[in-house]
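# Coordinate inspection notes
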Amino acid sequence: MAKEVILSGMQPTGKLHLGNLEGALRYWVQLQNDYEMYCCIVDWHALTSDYDQTSDLVDRIIDIAIDYLSAGLDPERCAIFVQSQVKEHAELHLLFSMITPIPWLERVPSYKEKSVELKLDSYGFLGYPLLQAADILIYKANWVPVGKDQLPHIELTREVARRFNTLYGDVFPEPQGKLSQFSGILGTDNRKMSKSYNNEIGMGESDESTAKKISSMYTDPTKLRLGDPGHPDECPVYLLHIIYNPDHITINQRCCTGKLGCVECKRICAEYTNRALSPIRQKRAELEKDLPYVKKVLSSGADKARAKAQKTMEDVRRAMKLW
Ligand code: TRP
């Protein structure tokens, strides 16, 4: 039986952090075993807001590709590629733009929020979720692993697929979002881990820097000194223990009874975190020394993706009775 198809993508924001790793990448690595998988680096999407920051775009793309590979995405099982290297995404986006009413795009929450907050008023930014719909539908994806914030974009993708199918005949499946069970990594300041908050711990960061960041992390404000009972379930450091420390239950108990102080707890946390990330970091160091290999992965990933995208475009043109 043919495997179901998965597509996912990330913007080339530069090196990824533990939130990206635990909230998305680890899940992708699992999924590549059971699905026909496409992992895209969406450089055109980056231009919908940061169109004036192109000088390091290529470096940021390479950094993401290295993080994908060091986390365990396997180019044999999954097409790792750059959006702009498969031009068919642009063609499908254009055709979708003909059949999509502007109000559908204006009511997408990310547009409503960011257009005001960041003063984004370009045609391309309005079309952001439509370009995303093209990314997804050009591979006839059944599933899209994303965070909760992306679900409105998946919903729009389904609406566009439905409209296309109604107008021209069945070409596209209606894809669904696939939430990873874990999306809760918090940054050093107890807010969602994010580059824009400057509170992230990088996947490829050094052991020393990781330990330093963990030692400066927000903790339970009611636990001031050794002996005070803590509340691990509300502590971002304990979240890291849950992920990286196989014996986190002991930490939990010792914290709750006041036996474990925050300084010691953070030291243990850094040790386990660094231990768990060590193979990923080693892989990154190797790949950084072999950029021709990384570029080869991206170019053969694009070839594989393009072959499928071209097939879909043939179906699309045939259905629409285009030349
Ligand atoms: N909008 C997504 C994000 O910001 C990135 C993205 C673009 C994407 N195209 C996609 C995600 C297709 C999944 C599928 O995270």
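See the structure printed just above.
In this text, all values refer to a predicted model and were calculated from it rather than measured experimentally. (Residues numbered from 1 in each chain as written. Predicted model: local features only at pLDDT ≥ 70, side-chain atom pairs only at ≥ 80, totals over all residues. Heavy atoms only, no water.)

### Structural notes on the site of the ligand
In the vicinity of the ligand, the contacting residues are Leu7, Ser8, Gly9, Val42, His45, Tyr128, Gln132, Asp135, Ile136, Val144, Val146 and Gln150. Between the ligand and the protein, one listed contact pairs a nitrogen atom with a side-chain N or O atom of Gln150 at 2.9 Å. Starting from 360 Å² of accessible surface for the ligand in isolation, the protein chains cover 86%. Per element, the largest residue contribution to the shell around the ligand is four residues, and it comes from helix 8 (residues 128-137). (Near = heavy atom within 4 Å. Polar contact = N/O pair within 3.5 Å; in protein donor to acceptor, adjacent residues only side chain to side chain. Areas by Shrake-Rupley, 256 points an atom, 1.4 Å probe, with all protein chains shown as cover. Helix = DSSP H or I, 4+ residues; strand = E, 2+ residues; numbered from the N terminus.)

### Some remarks on the layout of surface pockets
A probe matching the size of a water molecule, rolled over the atoms, marks out where space remains unfilled. Of the volumes computed, that of the second largest pocket is approximately 280 Å³. If you go around the second largest pocket, you meet 14 residues; those closest to its centre are His93, Ser97, Tyr123, Gly127 and Leu130. When contributions to the lining of the second largest pocket are tallied by element, the ones reaching two or more residues are helix 4 (88-99), helix 5 (102-106), helix 7 (123-126) and helix 8. For the lining of the second largest pocket, a count of residues per class yields eight nonpolar, six polar and no charged. (1 Å grid on protein atoms, 1.4 Å probe; cavity = no way out; pocket = protein on both sides within 12 Å on 5 of 7 lines; lining within 4 Å. Points joined across faces, edges and corners; volume = space filled by probe spheres on them. Nonpolar A, V, L, I, M, F, W, Y, C, P; charged D, E, K, R; others polar.)

### Quick notes on the pattern of salt bridges
Enumeration over the complete set of coordinates arrives at 22 salt bridges. In this structure, the salt-bridge partner of Arg26 is Glu22, at a minimum N-O distance of 3.0 Å. On the criterion of helical spacing, the pair formed by Arg26 and Glu22 is a turn pair, its members being four residues apart in helix 1 (residues 18-31). By relative accessible area, Arg26 is classed as partly exposed at 33%. Residue Arg60 pairs with Asp56 through a salt bridge whose shortest N-O separation is 3.1 Å. What emerges from the salt-bridge pattern is a single network uniting Lys15, Asp63, Asp67, Arg284 and Glu288. (Salt bridge = Lys/Arg side-chain N within 4 Å of Asp/Glu carboxyl O. Buried < 20%, exposed > 50% of the residue type's maximum accessible area, 1.4 Å probe, protein only.)

### Details of the packing of aromatic side chains
Taken as a whole, this structure holds nine aromatic pairs when the rule is applied. Consider the rings of Tyr111 and Phe125, whose centres lie 5.8 Å apart with planes at 35°: the pair is tilted. In this pair, Tyr111 is assigned in helix 6 (residues 109-117) and Phe125 in helix 7, connecting sequence segments 14 residues apart. Classification of Phe125 by relative accessible area gives buried; the value is 6%. Each member of the aromatic cluster is reached from another via a ring pair, and the members are Phe96, Phe164, Tyr168 and Phe172. Across from the ring centre of Trp143, 4.4 Å away, lies the NZ or CZ of Lys178, which sits over that ring. Between Arg275 and the ring centre of Tyr272, over which it is positioned, the NZ or CZ distance is 5.1 Å. (Phe/Tyr/Trp six-rings, centres within 6.5 Å; stacked < 30°, edge-to-face > 60°. Lys NZ or Arg CZ within 6 Å of the ring centre and 35° of its normal.)

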